[in-house]
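Single-letter residue listing:
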Amino acid sequence: MSALHALVQGPATAATPRLTEPERAVVQRELDELARGGYTGPLLESLRKLAAAVPERLYDDSARVLLRMHEIAGSGNYQSNLSSLPLVRACFDLGLVPEDGPGPAELIVGRGHIAPAFYAEHYVRGTFPFAPLATLHQGGLTGVVHQDLGFTNTMRYSLGVGVAQAVSLAWELTRRGEDRKVVCLAGDGELQEGVVFECLRFAHEADLKNLVLVVDTNDKGIEPLLKPLSRGYLASYLDRVEEVDGLDTATVRDSLGALLAAPTSAALVCRTRKGDHSFKPATTTPASAPRPAKVSFANTSGAALAAYRERTGRELAVFTADMAARFGLRDKVPYTNTGLAETLSLGLTLSLPEETVKVVATDAMYYMDSLSMLTEATTSVRNLLVLAGRSWGAWGGAHNATNLLGQLLHTRVYEPVTAAEFAACLDRLDRHPDTTHVISTVDAKFDPPPADCAGDVDGGTWLTPPGDGRPRAAVVTFGYAGVLVAEANRDLGVPHLHCAALDPDLDARTLAQLGSCEDLLTVEYNGVHGGFGERLRTTYLLPARVHGVRQDIANRVHDRQLRLHGMGPEQLDALLRGLTGRPDATATTADGFGEGARATAHA
């Protein structure tokens, strides 16, 4: 099976119920063509070959294709892609997205999450087939730019890195004496990143004449910007700044073409429009029977902070890098939106009154951008609370940054899964103001477990008690993994200890019960290297097998993300059955994955 066939087969087949009849027919023809073989080259080359083998185009408007991709996926950044689509079309028209060989200039896509707009335009121009488009966010095509799919750069974690990549390439071309320009597609929200300021300052001081910055200017990040993009700021560092209607492809194309021909650095400010940041599919719930939508646990943070303020009378200073909606802050507590400048969010805490509770609501990836400031804050600020929202498996969204926050001096990390545990973490901050408290708030919708660690947030609580004796086998979980394991364990009865602290303090009786186990398993929706389970092994010398995230993040919806990391219901069921010794148990590999889980996790 070719790489393209392996990438597309499962997700495209799973998407079949969401396709129209004509779409299903075309997808099947493409899958049949892939099954015949001959697609062993690079991914992009295979995509073009498949598009030529099945040339039927269902749509001739890339905006319509873009919408269908998001409707099929049920998620994504549709409005961001639609906002930049005229800019993307202009890049195709100018040859900046060449089929073979180099184009007239190098293209760096800083708005990394607008990759679907390029896929849609590729499709209507006949260079992409349809089946991969139906796999967006489902384990097939990634939603962010990647070199395997024809982009000069790969984007992993940070907004603003595209401008850095563009300046890096422009500097290298200049150093080599090559007369070739670099075009960088960016967004006005992205330009709030600290690294962008540093890059444009360097480009000016290094006298880089080969940099053209194309800015999708819609006055929004995730939320509306406090003020419009400063054209004067751009003019301070770039030789020319022009402004055009970004919704008119021909105007963008002509203006960009002229700037490419000019012997100067430049910025092309494209005025566009953007709706809601996240795509929300039309509801199918009948109007006569409305049901309240369950919110993600992260979205309950605002209510928890409001209750804490009312309970204690403490003054709160809340800062967020464009993420008020994610944490449910609006109409709950006053907050300051710093745009996408997460380093500033932490910097603004440094000189506030000691008794003020400083709250920084950020993303599990974003705080990686501000690690130096985070270290500064954890060592110098009292009453500091970091809300680290996350939807991926490993801390920071990066395998090599697993549990990094737990390694910082004067820091305690928790992942509450009930309102009471969240409140207990806030109360602990009151008692220990010298310690930065990090609360990992998972972007998942779930019912809380039947018990929690609110009475002792640093300890553990048995969700399934071991009885009076010492258990032969048991499972210990951290945070969100406790919810997943509790569901899988409902009919199995494996003794299950749940912890909300990354470094739990376990009492002597609990340690004796765990130490007596012939088979002890730890489970965390978290990176295992230096993580929860390994800490239990080294701190308490418990002979535990560690099960958790062992890979980097992937651009997939939540249920597929769970299965990628061996956290799907059937995978956890297999692990727990292995503990019970039942004859229907699935064999478990040395790293803690069942055979089915391993196949999924390493796909």
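Let me begin by describing the structure that accompanies this report.

1. Thoughts on the overall build of the protein chain
On a plain count of helices and strands, the protein chain comes out with 22 helices and 16 strands. Rg of the C-alpha trace for the protein chain: 26 Å, near the compact-globule value of 25 Å for 603 residues, within the 12% margin. Dimensions along the principal axes, computed over C-alpha positions, put the protein chain at roughly 80 × 65 × 60 Å. The proportion of buried residues among the 603 residues of the protein chain is 55%. When contacts within the protein chain are restricted to residue pairs at least 6 apart in sequence, those whose partners lie at least 24 apart make up 75%. Accessible surface computed for the protein chain: about 23900 Å², of which carbon and sulfur atoms make up 52%. Each charge class in the protein chain was averaged separately, 57 positive and 72 negative side chains, and the resulting centres sit 2 Å apart.

2. Looking at the layout of surface pockets
Computed from the structure, the second largest pocket encloses a volume of approximately 490 Å³. Top element by residues in the lining of the second largest pocket is helix α17 (residues 480-488). It accounts for 5 residues. Looking at the lining of the second largest pocket, its residues break down into 13 nonpolar, 5 polar and 7 charged.

3. Quick look at the pattern of salt bridges
Inspection of every chain in the model, using the stated rule, returns 37 salt bridges. One continuous salt-bridge network, built from bridges that share partners, spans Asp61, Arg89, Asp93, Glu121, Arg125, Arg253 and Asp254.

4. Some points on the pairing of strand β15 (residues 519-527)
The buried fraction of β15 amounts to 9 of the 9 residues, a majority that puts the element mostly inside the structure. Here strand β13 (residues 473-478) pairs with β15 via 6 bridges, running parallel. Across the sheet, residue threonine 477 finds its bridge partner in β15, namely valine 523. The β-α-β motif built from β15, the intervening helix α19 (residues 532-540) and the parallel element strand β16 (residues 544-549) has right-handed crossover chirality.

5. Description of the packing of helix α4 (residues 62-73) against helix α5 (residues 78-93)
Two numbers describe how α4 lies on α5: the axes approach to 10 Å, and their chain directions differ by 155°. In terms of their interaxial angle, α4 and α5 are classed as roughly antiparallel. In the crossing of α4 with α5, the sense of the turn from one axis to the other is right-handed. Contact residues: α4 offers Ser62, Ala63, Leu66, Leu67 and His70, while α5 offers Tyr78, Asn81, Leu82, Leu85 and Arg89. Residue classes in the contact of α4 with α5 are distributed as 6 nonpolar, 3 polar and 1 charged.

What counts and what doesn't
Residue numbers here run from 1 along each chain, matching the order of that chain's written sequence. The predicted nature of this model means local features are confined to residues of pLDDT at least 70 and side-chain atom pairs, given and counted, to a pLDDT of 80 or more, with totals for whole chains, interfaces and linings taken over all residues. To get the side-chain values, all heavy atoms of the structure are used, and hydrogens and water are removed first. Secondary structure is summarised from DSSP: a helix means a run of H or I of at least four residues, a strand means a run of E of at least two, and numbering begins at the N terminus for each. Radius of gyration here uses only the C-alpha atoms, and the compact-globule reference equals 2.2 Å multiplied by the residue count raised to the power 0.38. Summary of the burial criterion: residues with accessible area below 20% of their type's maximum are buried, those above 50% are exposed, and those between are partly exposed, where the area comes from a 1.4 Å probe applied to protein chains only. Residue contacts are counted whenever heavy atoms from the two residues lie within 4.5 Å of one another. In this description, accessible areas are obtained by the Shrake-Rupley approach with a 1.4 Å probe, and a residue is regarded as covered only by the protein chains that are shown. When charges are counted, neither His nor the chain ends are considered; positive counts come from Lys and Arg and negative counts from Asp and Glu. To locate a charge, take NZ of a lysine, CZ of an arginine, CG of an aspartate or CD of a glutamate. Grid points spaced at 1 Å over the protein atoms alone were grouped into cavities, where a 1.4 Å probe fits but cannot get out, and pockets, open sets with protein on both sides within 12 Å along at least five of seven lines, with lining residues defined by an atom within 4 Å of a point. Grid points are joined across faces, edges and corners, and a volume is the space filled by probe spheres set on the points. Three categories are distinguished: nonpolar for Ala, Val, Leu, Ile, Met, Phe, Trp, Tyr, Cys and Pro, charged for Asp, Glu, Lys and Arg, and polar for the others, with Gly belonging to the last. What counts as a salt bridge is simple: a side-chain nitrogen of Lys or Arg found within 4 Å of a carboxyl oxygen of Asp or Glu. Paired strands, in this sense, are two strands between which DSSP finds at least two bridges. Note on handedness: a crossover is taken as right-handed if, strands pointing away from the viewer, the path from the first strand over the helix to the second is clockwise. Angles run from 0 to 180 degrees between N-to-C directions of axes, and those axes are lines fitted to C-alpha atoms, restricted for helices to the stretch in contact. Each angle receives one of four descriptions, namely roughly parallel if under 35 degrees, roughly antiparallel if over 145, roughly perpendicular if within 65 to 115, and oblique otherwise. Each crossing gets its hand from how the near helix is turned against the far one by less than a right angle, where anticlockwise is left-handed and clockwise is right-handed.

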